[in-house]
Amino acid sequence: MNLFKLFTGSALFIFLSSISSAFAVSIPVEHIPAQCQKLFEKADVLVDGAMKQPGTHPNLADIRAKLDTSKALILSLEPSVQIKSCDLGLAKLNLVNKDTESLLN
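Fair warning: this is a prediction, and the values are worked out from it, not measured in the lab. Per chain, residue numbering runs from 1 following the sequence as it is written. The predicted origin of the model limits local features to residues at a pLDDT of at least 70 and limits the giving and counting of side-chain atom pairs to 80 or more, whereas totals for whole chains, interfaces and linings rest on all residues. Calculation of side-chain values draws on the structure's entire complement of heavy atoms; hydrogens and water are dropped beforehand.

1. Brief notes about the overall build of the protein chain
Right, so step 1: Each helix is a run of DSSP H or I of at least 4 residues and each strand a run of E of at least 2, with the numbering of both proceeding from the N terminus. Counting secondary structure elements, the protein chain contains five helices and zero strands.
Right, so step 2: When the helices and strands of the protein chain are placed in sequence order, the string is α-α-α-α-α.
Right, so step 3: Within the protein chain, the proportion of its 105 residues that are buried is 36%.
Right, so step 4: Working definition of accessibility: Shrake-Rupley area with a 1.4 Å probe, residue cover restricted to the visible protein chains. A total accessible area of about 6,100 Å² is found for the protein chain, and carbon and sulfur atoms account for 60% of it. Each residue's exposure class comes from its accessible area (1.4 Å probe, protein chains only) as a fraction of the maximum for that residue type: buried when under 20%, exposed when over 50%, partly exposed otherwise.

2. Side note on the pattern of salt bridges
Right, so step 1: What counts as a salt bridge is simple: a side-chain nitrogen of Lys or Arg found within 4 Å of a carboxyl oxygen of Asp or Glu. Summed over all chains, the structure comprises three salt bridges.
Right, so step 2: Two residues, Asp44 and Arg64, come together in a salt bridge whose shortest N-O distance is 2.8 Å. One end of the pair, Asp44, is in helix H3 (residues 34–51); the other, Arg64, is in helix H4 (residues 60–75), and 20 residues separate them in sequence.
Right, so step 3: A relative accessible area of 24% means that Arg64 is categorised as partly exposed.
Right, so step 4: We note a salt bridge from Arg64 to Asp48, for which the minimum N-O separation is 3.2 Å. A residue pair is termed long-range when its members are at least 10 positions apart, and Arg64 in helix H4 and Asp48 in helix H3 qualify at 16 residues.
Right, so step 5: Judged by its relative accessible area of 35%, Asp48 falls in the partly exposed class.
Right, so step 6: One network of salt bridges, with partners in common, ties together Asp44, Asp48, Arg64 and Lys71.

3. A look at the side chain of Lys71
Right, so step 1: Considering the arrangement of structural elements, one finds Lys71 in helix H4.
Right, so step 2: Any N or O atom pair separated by 3.5 Å or less is treated as a polar contact, with the protein-specific requirement of one donor-capable and one acceptor-capable atom, and with residues adjacent in sequence counted only for side-chain atom pairs. Among the polar contacts listed, one links the side chain of Lys71 to the side chain of Asp44, at a separation of 2.7 Å.

4. Considerations on the confidence of the model for the protein chain
Detailed reading of the predicted coordinates is not advisable wherever pLDDT falls low.
Right, so step 1: Chain-level statistics for the protein chain give a pLDDT mean of 76 and a share of 72% at 70 or above.
Right, so step 2: Each residue gets a pLDDT score, which is the predictor's confidence in that residue and runs from 0 to 100. Two residues qualify as a contact provided that any one of their heavy atoms is within 4.5 Å of a heavy atom in the partner residue. Low pLDDT (under 50) marks residues 1–25, which in the prediction has 68 contacts with non-local residues, meaning those over four places away or in another chain.

5. Observations concerning the state of the cysteines
Right, so step 1: Only a pair of cysteine sulfur atoms within 2.5 Å counts as a disulfide in this structure description. Under the counting rule described, the total for this entry stands at one disulfide.
Right, so step 2: Covalently, Cys36 is tied to Cys86 through a disulfide, its sulfur atoms 2.0 Å apart. Handedness here is read from the sign of the S-S torsion; for Cys36 and Cys86, about 100°, the answer is right-handed. With Cys36 in helix H3 and Cys86 in helix H5 (residues 79–104), this residue pair connects regions lying 50 residues apart in the sequence. Each member of the pair Cys36 and Cys86 is classed as buried.

Listed below in structure tokens is the structure:
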């Protein structure tokens, strides 16, 4: 995917920080709002894709740690706030995807 080429090094780290994502905390999946599950899955796919791109390897441990911390933070919030946070993260992710697609076309 060309999207991963856009997010190399610190750019991916900044992006993942802004979406504030969650699974360092042991919470059954059925208790995690669907929006958050979707956001966490998309963030994990981004990081997994970045692993395959040259130049991102030195930063991946920091990126993964920040992602896990963000996930835990979201899961520690009240359910209504979790939903709002994940909706915001998904909206930001969709904007980035649209911007990336327009750059590539």
